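Inside the fold
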Amino acid sequence: MTTTSVDLGFLEPCDSWLLTNKFFRSKLGGKPAWLELKNLPKPEEVLCTRCDKPLAFLCQVYAPIEENDGCFHRVLYVFVCISASCESDGNGRTIKVLRSQLPRRNAFYDYNPPDETVESPAVVSPVPLCVVCGCRGPKRCGRCQLVNYCGVVHQRLDWSAGHKPVCGQEDSTVAAQRKHTTFVFSECEIVTEPEEHESKPKLSEEENEKRQMEEFERLKSEGKVGVLDELPQEELEKYAGTVDQAEDKVFARFKKRTADAPDQVLRYERGGTPLWLSPIVPQTVPDCERCGSRRIFEFQVMPQLLSFLERDELDWGTLACYTCEASCNNAEGYTEEWIFRQDVIDTTKPAN
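The paragraphs below set out a description of the structure included in this document.

The rules behind each value
- Residues numbered from 1 in each chain as written.
- Predicted model: local features only at pLDDT ≥ 70, side-chain atom pairs only at ≥ 80, totals over all residues.
- Heavy atoms only, no water.
- Patch = residues over 30% accessible without salt bridge, like charges linked within 9 Å, V, L, I, M, F, W, Y side chains within 5 Å.
- Areas by Shrake-Rupley, 256 points an atom, 1.4 Å probe, with all protein chains shown as cover.
- Salt bridge = Lys/Arg side-chain N within 4 Å of Asp/Glu carboxyl O.
- Lys, Arg positive; Asp, Glu negative; His and termini not counted.
- Charge placed at Lys NZ, Arg CZ, Asp CG, Glu CD.
- Helix = DSSP H or I, 4+ residues; strand = E, 2+ residues; numbered from the N terminus.
- Buried < 20%, exposed > 50% of the residue type's maximum accessible area, 1.4 Å probe, protein only.
- Core = buried A, V, L, I, M, F, W, Y, C linked by side-chain atoms within 4.5 Å.
- Contact = heavy atoms within 4.5 Å.

On to a negative patch on the surface. There is a patch of like negative charges on the surface, built from Glu12, Glu193, Glu196, Glu198 and Asp260. Here Glu12 is to be found in strand β1 (residues 2-12). By relative accessible area, which is 41% here, Glu12 ends up partly exposed.

With that settled, the discussion passes to the pattern of salt bridges. Counted under the stated rule, the structure contains 15 salt bridges. Glu187 is paired through a salt bridge with Lys27; the nearest N and O atoms lie 2.6 Å apart. Of this pair, Glu187 sits in the loop between α2 (172-175) and β8 (188-197) while Lys27 sits in strand β2 (residues 27-28); the two residues are 160 residues apart in sequence, bridging distant segments of the chain. Judged by relative accessible area, which is 32%, Glu187 ranks as partly exposed. As a salt-bridge pair, Glu298 and Arg74 come within 2.7 Å of each other at their nearest N and O atoms. Residue Glu298 is located in strand β10 (residues 295-301), and its partner Arg74 is located in strand β4 (residues 73-80); the two are separated by 224 residues in the primary sequence. Like Glu298, the residue Arg74 is buried in the burial classification. One connected set of salt bridges, linked through shared partners, spans Arg99, Glu289, Arg295 and Glu337.

Ranked by internal contacts, the top residues of the largest apolar core, which has 61 residues, are Leu58, Val78, Phe79, Phe299, Val301 and Trp316. Elements with a minimum of two residues in this core: β3 (56-62), β4, β5 (95-102), β9 (266-268), β10, α6 (304-309) and β11 (318-324). When neighbours within four sequence positions are excluded, Leu58 is seen to be in contact with Leu28, Gly29, Val78, Phe79, Val80, Phe185, Val301, Leu305, Leu309, Trp316 and Leu319. In terms of nonpolar packing, the next biggest core, distinct from the first, is built from six residues, Trp276, Ala320, Tyr322 and Trp338 among them.

Functional significance is not addressed by these values, which are geometric in nature.
Right under this line is the structure:
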């Protein structure tokens, strides 16, 4: 076994207070542990661009860049649409990734890391948060004016989930403790460790040629070398299935590479290459809209995560996230990056 340049992410239970913003950890579910606290995304920036409903927070990846002083703290947030009526989209319109980063010396967190042996509260945002999803909550309950929401969708959800009988008797701090399991995923830490993989040495050109000749001789001995009209029907069907064979080859590579760590839910390799399930990959990746730098692959969310979530409305082969190579600074707080959803079945083609 050799260690690769890939870091694998695995789920581990963790005390919820250790998953708050000041401890800078990667996690699944719960509410976002926002890094920059004054310029949170506006509610319309965390809406599905297909169905216009709020996106659910899936996970966040703590990914500092050592050689960039402005990225001493850096977090990538993934949001997904869980509306059963919203069609999947290979171009990621039902999924969003937001990036936030800060230098070590900043207005929100201590210069030195916090004590992880003693429970302590999160650094509170001065911006009101929605009690359902934890995103920016500019709206208030129209009756009591005490509880904040990102919009009418979550106000209605919270009304039926428990706010109605106690309206006027609780504020946002109390209401935020209410569990919204239909929208908020179970919270868990994502811990990473280097991938170990046994890779076989590549064949030389001479060895490849030798294998091809051996295959040719085998076909010749079986009487399968000749013009196409001399081949039996089953052989024609075999050659007609070239595309399927290519897909099988890519999927077999995926299975082989993940076999040593079948519980991995994340693969991180900034500047690397995604581990695809099929040959259907993005033809182009858009450059950063802010600075014009190219975007590079940074991490992918694996299909194994679906088994943990147990949500029928969610489905993907893998979610591959590409980010600005320069990781340009955004004085306004959060920058949207680009994500590609690859399905085992091709859903990126337009409907007939």
